[in-house]
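Remarks on the overall topology
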Amino acid sequence: MKKLNRHPFLKKGGLMLAAGASTLAACNNTARNIDEAPAFDPNKKYKWNMVTTWPPNFPILGEGCNKFAQWVDQMSGGRLQIRVFGGGELIPALEAFDAVSSGTAQIGHGSAYYWAGKIPAAQFFASVPFGMNAQQVNAWIMSGGGMALWRELYEPFHLIPFLAGNTNAQMGGWFNKEINNIDDLKGLKMRIPGLGGRVFERAGGSAILSAGSEIYTNLERGVIDATEWIGPFHDYKMGFHKIAKYYYSPGWHEAGTALEVFINKSSYESLPKDLQVILETAAARLNLYMMTELEVRNAEYLKIMRAEGVDIRPFPAEVLAVLKETTKQVIAEMAANDPKSARVYEAFKSFKEMNKPRSDLTEKVFYNEIS
Ligand code: CA
């Protein structure tokens, strides 16, 4: 028996060798690319502009971009200097993608669902309603094959995307009327981006996409009836609790929204290899920074909101069930009309289904039964 057991192992070892050989071939390709990158020159300095979709110095998200620039400066010994612009400072917030695509700026930060008008499938790299949480989204993009698909989507726009942040699970948003059943959403004008917005419209509401800086005034003046934003920390800072009656949870539309750095391909390729790796490394650190900061601040500010008597309510299960069913319809139609969306959704869904038995046995048990 012992001898028999060795066979699969040895066979696997052989497969690993074969895989090793192809990895080696890939390494050789990489080596050629490194040779093609401009040579290291300690005296050559690069000055880049970073455009972001966030209000200037916006807590955690905008501040994180400032830190990103600082880390790159420090790691490169000042050879790559990035000046960060908030939305509206150099260009309007939602024009960041075009600005970096055309080379007006070299680098940007935002979230892929803002570009749904150009690339519907990009939304899978930001948030899918009832989709995956931050941990799962990170796993899919970084280790589960998502990144290659994402790069393919941005290639025609001469951009390279990097994972660079996650909001973690968001809240459902601010309303001035009670949401007791799905009919309560009918006719409601709500600021809600991405696929969540499409689902909200199908459920009878009207979805409006606006940059963060405009939301408070729009809600206060009645241009919109409701809004979602991020979570307790940012929502409290925006002051929504002063102008809306109810704060609903959960953020069914954004269970773990990924944020991105996107870099103009020519600008990236003009850098020596070490600066390219520094950018990639700083993006990975930014991803972790945003997740950990948000986890802490949201917990603190939820406590503050409760102490101040903010009326926090769960969406009724019936409403969530209808929204979930509507999400399936919206995505099925999207996939039927756009082959790229179909392909990316298939990859997204198969990763989620592959991961589910594991998360059901572990995190789900902790959340439901033990914690
Ligand atoms: Ca949001």
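Cut-offs applied
- Residues numbered from 1 in each chain as written.
- Predicted model: local features only at pLDDT ≥ 70, side-chain atom pairs only at ≥ 80, totals over all residues.
- Heavy atoms only, no water.
- Buried < 20%, exposed > 50% of the residue type's maximum accessible area, 1.4 Å probe, protein only.
- Helix = DSSP H or I, 4+ residues; strand = E, 2+ residues; numbered from the N terminus.
- Contact = heavy atoms within 4.5 Å.
- Polar contact = N/O pair within 3.5 Å; in protein donor to acceptor, adjacent residues only side chain to side chain.
- Pairing = 2+ DSSP bridges.
- Axes fitted to C-alpha atoms, helices over the stretch in contact; angles between N-to-C directions.
- Parallel < 35°, antiparallel > 145°, perpendicular 65-115°, else oblique.
- Left-handed = near helix turned anticlockwise from the far one by under 90°.
- Nonpolar A, V, L, I, M, F, W, Y, C, P; charged D, E, K, R; others polar.

Listed as buried for helix α4 (residues 134-143) are Ala134, Gln136, Val137, Asn138, Trp140 and Ile141. Buried residues belonging to α4 abut α5 (146-154), β4 (159-166), β10 (258-264), α11 (273-307) and α13 (339-361). Sitting at the amino-terminal end of α4 is Asn133, which places a side-chain oxygen 3.2 Å from the backbone nitrogen of Gln135. Where α4 terminates, the next one or two residues include Gly145, which has phi positive at roughly 95°.

Further remarks concern the pairing of β4. For β4, the tally of buried residues reaches 8 of 8 residues, placing the bulk of the element in the interior. Both β4 and β10 contribute to a ladder of 6 bridges, which runs antiparallel. Note on β10: the bridge partner recorded for Phe162 is Val261.

Overall, mixed pairing links the 5 strands, which are arranged β2-β1-β3-β10-β4 in an open sheet. Two strands close off the open sheet at either side, each with one partner strand: β2 (80-85) and β4. Pairs of neighbouring strands in the sheet enclose a mean axial angle of 25°, with direction left out of account. Its contacts with the sheet put α4 on β4 and β10, and the angle it makes with β4 is roughly 155°. Where α5 meets the sheet, its contacts fall on β4 and β10, and the angle it forms with β4 comes to roughly 130°.

Okay, helix α6 (residues 194-202) next. Of all the residues in α6, the buried ones are Gly194, Leu195, Gly196, Gly197, Val199 and Phe200. The secondary structure elements touched by the buried residues of α6 are β6 (189-191), β7 (206-208) and α12 (317-337). Within two residues after α6, Gly204 carries a phi angle of roughly 110°, on the positive side.

The next thing to look at is the packing of α5 against α13. Between α5 and α13, the shortest axis-to-axis distance is 10 Å and the interhelical angle comes to 165°. Classified by the angle their axes make, α5 and α13 are roughly antiparallel. Along this stretch, α5 crosses α13, giving a crossing that reads as left-handed. Contacts between α5 and α13 pair Leu149, Glu152 and Leu153 from the former with Lys340, Arg343, Val344 and Ala347 from the latter. A class-by-class count of the residues in the contact of α5 with α13 yields 4 nonpolar, no polar and 3 charged.

Once that is clear, we can look at unusual backbone geometry. What you tend to see is this: most non-glycine residues have negative phi, and most peptide bonds are trans. Geometrically, the link from Ser249 to Pro250 is a cis peptide bond, its omega value of 0° lying close to zero. By the element assignment, Pro250 lies in the loop between β9 (246-249) and β10. In this structure, Ile60 is a non-glycine residue whose phi angle is positive, near 65°. By the element assignment, Ile60 lies in the loop between β1 (46-52) and α2 (61-75). The residue His158 is not glycine, and still its phi comes out positive at about 60°. The exposure class of His158 is partly exposed, given its relative accessible area of 31%.

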